[in-house]
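Here is how the chains run, residue by residue.
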Amino acid sequence: MPHFGLLGKKLSHSFSKTYFEKKWANAQNHSSSYDLYEIENVLALESFLKKRKDLAGLNVTIPYKEQIIPYLDALDPVAFEIGAVNCLLSKAGSWVGYNTDGPAFLKTLEIPFSINRPTKAIVLGAGGAAKAVVWAFHKLAIPVIQVSRNSELNYQNLRNHWTDDIQMIVNTTPLGMFPDIHTFPNISYELIKPAFIAYDLIYNPDKTVFLQKAEMHGAQIINGKEMLKIQADLSEEIWMKNLML
Ligand code: NAP
């Protein structure tokens, strides 16, 4: 009876439990279960990992994707390169950290980039998801500029760095996510041109204000739904492969 779950601070709007339960029911897998574990702080996170070695695997979400790393026994090479973890595997009493966000984001770019591959991209935000996105662009040898509120390149001076070779912009901040659906990153949307790709990692709502504004300026828009499903499927692959060993 393998048990899985999601670790995060606030999980009431989580997609994962419903996704896995539906998927396993459709596959006649009645033995696996998935629960939500709301963790108050890093201390509680550490003790959870120590106590719950009975779990076969976990997903990790905001705000623990980076903070959890010191409490793991090993890191998969991709998670090590990215520096953030969204999937854990319990292996012989040890917790191994994986990152499936980066490979999932990369996968979602295959079709759009076969038609229109950007020369350079902007990444908004600098959290765990941003690290996975920057990793994917690095794999594709596409240069990125990263915007963070407190870094040298910030929302106030982005305009000065916005060169003509930029053809893609990715929102990795939570601005616009349910329930704060009226918020959006403060950028000069008029600099977005047709042939741009605007990608929002947010999956609820389907079309954030960021995507609406980018679309108004002619951009092709992509939301976070496909990435979300792929990262979940890749996590499941890691867990189930281990159970078959
Ligand atoms: P995170 O670690 O909390 O990072 C979010 C980053 O956004 C922060 O580092 C911060 O960067 C920036 N930010 C936060 N509040 C902001 C504000 N009010 N104004 C401007 N910037 C702000 O979260 P995360 O794990 O990276 O996740 C970020 C988003 O991606 C969430 O909406 C999450 O649901 C989504 N996501 C989607 C998928 C998917 O599969 N579709 C996967 C992962 C994450 P600075 O402080 O540096 O500015």
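Residues numbered from 1 in each chain as written. Predicted model: local features only at pLDDT ≥ 70, side-chain atom pairs only at ≥ 80, totals over all residues. Heavy atoms only, no water.

Peer 1: What exactly am I supposed to notice about the site of the ligand here?
Peer 2: Contacts to the ligand come from 21 residues, most closely from Ala-129, Ser-148, Arg-149, Leu-201 and Gly-224. The separation between an oxygen atom of the ligand and a polar main-chain atom of Ala-129 is 2.8 Å. At 2.8 Å, a backbone N or O of Arg-149 approaches an oxygen atom of the ligand. Here the ligand, which alone exposes 910 Å², has 81% of that area covered by the protein. If you list the elements that add at least two residues to the shell around the ligand, you get helix 6 (128-139) and helix 9 (225-244). If you tally residues by element for the shell around the ligand, the top one is helix 9, at three residues. Of the residues in the shell around the ligand, the class split is eleven nonpolar, seven polar and three charged. (Near = heavy atom within 4 Å. Polar contact = N/O pair within 3.5 Å; in protein donor to acceptor, adjacent residues only side chain to side chain. Areas by Shrake-Rupley, 256 points an atom, 1.4 Å probe, with all protein chains shown as cover. Helix = DSSP H or I, 4+ residues; strand = E, 2+ residues; numbered from the N terminus. Nonpolar A, V, L, I, M, F, W, Y, C, P; charged D, E, K, R; others polar.)

Peer 1: I keep staring at the packing of helix 1 (residues 16-26) against helix 9 and nothing clicks. Help me out?
Peer 2: A pair of packed helices can be characterised by two numbers: the angle between their axes and the separation between those axes. Where helix 1 meets helix 9, the closest approach of the two axes is 11 Å, and the angle between their N-to-C directions is 60°. Viewed along their axes, helix 1 and helix 9 adopt a mutual orientation that is oblique. When you trace helix 1 past helix 9, the crossing you get is right-handed. Here Tyr-19, Phe-20, Lys-23 and Trp-24 of helix 1 come into contact with helix 9, specifically with Lys-229, Ala-232, Asp-233, Glu-236, Trp-239 and Met-240. Of the residues contributing to the contact of helix 1 with helix 9, the split by class is six nonpolar, no polar and four charged. (Axes fitted to C-alpha atoms, helices over the stretch in contact; angles between N-to-C directions. Parallel < 35°, antiparallel > 145°, perpendicular 65-115°, else oblique. Left-handed = near helix turned anticlockwise from the far one by under 90°. Contact = heavy atoms within 4.5 Å.)

Peer 1: Looking at this structure, I do not really get the side chain of Thr-173. What am I missing?
Peer 2: Locating Thr-173 in the fold gives a position in the loop between strand 9 (166-171) and strand 10 (197-200). In terms of polar contacts, Thr-173 uses its side chain to reach the side chain of Asn-171, at 2.8 Å. Here the side chain of Thr-173 touches Leu-175 through a polar contact of 3.2 Å, landing on its backbone nitrogen. Not counting chain neighbours up to four residues away, the residues in contact with Thr-173 comprise Leu-124, Gly-125, Tyr-155, Pro-185 and Ile-202.

Peer 1: Can you walk me through the packing of helix 4 (residues 101-108) against helix 9 in this structure?
Peer 2: At a minimum axis separation of 8 Å, helix 4 and helix 9 run at an interaxial angle of 130°. In terms of orientation, helix 4 and helix 9 fall into the oblique class. Relative to helix 9, helix 4 is oriented so that their crossing is right-handed. On helix 9, the residues touching Asp-101, Pro-103, Ala-104, Phe-105, Lys-107 and Thr-108 of helix 4 are Glu-226, Met-227, Ile-230, Gln-231 and Leu-234.

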